[in-house]
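Notes for the structure review
What follows is each chain in one-letter form.
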Amino acid sequence: MNPAAHELDVEGLELELLLEAMFRRYGADFRGYARSSLRRRIRNMVRDERLGSISALQEKILREPEAMVRLLDHLSVCVTSMFRDPSFFLAFRQKVVPHLFSAPFVRIWCAGAATGEEVYSLAILLSEEGLFERCRLYGTDINAHLIEKARRGVFDAALMGEYEANYRAAGGKGSLSDYFRVAYDGATPRHGLKRNILFAQHNLAIDGSFNEFNVILCRNVMIYFGAELQNRVHELFFQSLRRKGFLCLGRRESLPRALAKTRYETVDAEERIYRRRS
Ligand SMILES: C[S@@+](CC[C@H](N)C(=O)[O-])C[C@H]1O[C@@H](n2cnc3c(N)ncnc32)[C@H](O)[C@@H]1O
């Protein structure tokens, strides 16, 4: 066997053992995640901690819970922004919102909400459309630190210019600055915006459904999952959606073909918006 290939195999095995150790010791289940991105992030942590191998990292996290916290931060891809992919929010405004008026009460679940920008964007959009009062938005994420930040809702004021441009491209009807109070370097949502939003920790890999929703958004999250975990999460979403409810995925994500045919109709293929058939 060529020695480099042998080394690579050993690293693959070390990675599997590390994932098992994380699960058994801390209940952190990354076993269903796509390996390429996991491997890259874990290598970064090995380098940052000045360790020689993934096995050394395993030993460290087994004995030092603080190292596990750092590992979770390395594994968390929490890139997000207000009105990210504005054309999605425009399509949501035009193609989803009109169907929500007939519901007496609208529950929306943003799964993998990171620091909350997506949830606050939706809250703004729904209030402009006159629906916010009838809505309850649930933002969940595996990462408790991110959820805490989302709850606090303090955003970098320096980014508000970029967000304003996104908001306009998303069909915004006023000015984004109307919805935020800027003090020092932070922009916080005006009080009313938080009223119908709940943030909570929820792990898509192990936790079950917690309500029945009219809309579920899970954007730029499942891209990091392996096929089997994706299927399980799709089952969870299907069970958690009301009949005729909407499922919104990220730009680079799509419904497994079988589900797209049998369980959902496509509302907007480009923007990855689907509707549960029955
Ligand atoms: C790239 S961010 C996407 C944020 C937002 N949805 C967006 O599109 O801007 C991915 C988020 O998924 C979360 N995540 C990863 N695995 C998860 C899991 N098993 N359950 C819930 N959230 C998870 C990460 O913590 C991260 O905050």
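Please read all numbers here as calculations on a predicted model, not as lab measurements.

A few words on helix α8 (residues 160-169). Those residues of α8 not exposed but buried are Y163, N166 and Y167. Taken end-on, α8 shows its buried residues confined to a sector of 100 degrees, consistent with a single buried face. Against the buried residues of α8 lie α5 (86-100).

Taken in spatial order, the seven strands of this open sheet run β6-β2-β1-β7-β8-β10-β9, and their pairing is mixed. Each having just a single partner strand, β6 (197-201) and β9 (264-268) make up the two edges of the open sheet. The average undirected angle you get between the axes of adjacent strands in this sheet is 20 degrees. Here three bridges tie strand β1 (residues 106-111) to strand β7 (residues 213-218), and the two strands are oriented parallel to one another.

Surveying the vicinity of the ligand reveals 21 residues, the closest of which are T80, G112, A114, I142 and L204. Classifying every residue of the shell around the ligand gives ten nonpolar, seven polar and four charged.

On to the packing of helix α2 (residues 35-48) against helix α4 (residues 65-75). Across the interface, α2 lies against α4 with an axial gap of 9 Å and an inter-helix angle of 135 degrees. Put simply, α2 runs oblique to α4. The element α2 and its partner α4 pack so that their crossing is right-handed. For the pair α2 and α4, the contacting residues are R41, N44 and M45 in the first and L71, H74 and L75 in the second.

Reading guide: rules and limits
Residue positions are given per chain, counting from 1 as you read along its sequence in written order. In keeping with the model being predicted, local features are shown solely for residues with a pLDDT of at least 70 and side-chain atom pairs are shown and tallied solely at 80 or more, while totals for entire chains, interfaces and linings include all residues. Any residue with 12 or fewer other C-beta atoms within 10 Å of its own C-beta is exposed, any with 20 or more is buried, and the rest are partly exposed; the C-beta atoms used are placed from the backbone. The way it works is that DSSP assigns letters per residue, a run of H or I at least four long becomes a helix, a run of E at least two long becomes a strand, and they are numbered from the N terminus. Throughout, the arc means that of the directions going from the helix axis to the C-beta atoms. Remark: residues whose backbone-derived C-beta atoms lie within 7 Å of one another are considered to be in contact. Pairing between two strands is assigned when DSSP locates at least 2 bridges connecting them. Axis definition: a line fitted to C-alpha atoms, limited for helices to the stretch in contact. Angles are taken between N-to-C directions and run from 0 to 180 degrees. A residue counts as near a molecule or strand when its C-beta atom, positioned from the backbone, falls within 6 Å of it. Polar here means any residue outside two lists: the nonpolar Ala, Val, Leu, Ile, Met, Phe, Trp, Tyr, Cys and Pro, and the charged Asp, Glu, Lys and Arg; Gly therefore counts as polar. Orientation is classified from the angle alone, with under 35 degrees giving roughly parallel, over 145 giving roughly antiparallel, 65 to 115 giving roughly perpendicular, and any other angle giving oblique. Take the far helix as your reference; a near helix turned counterclockwise from it by less than a right angle gives a left-handed crossing, and one turned clockwise gives a right-handed crossing.

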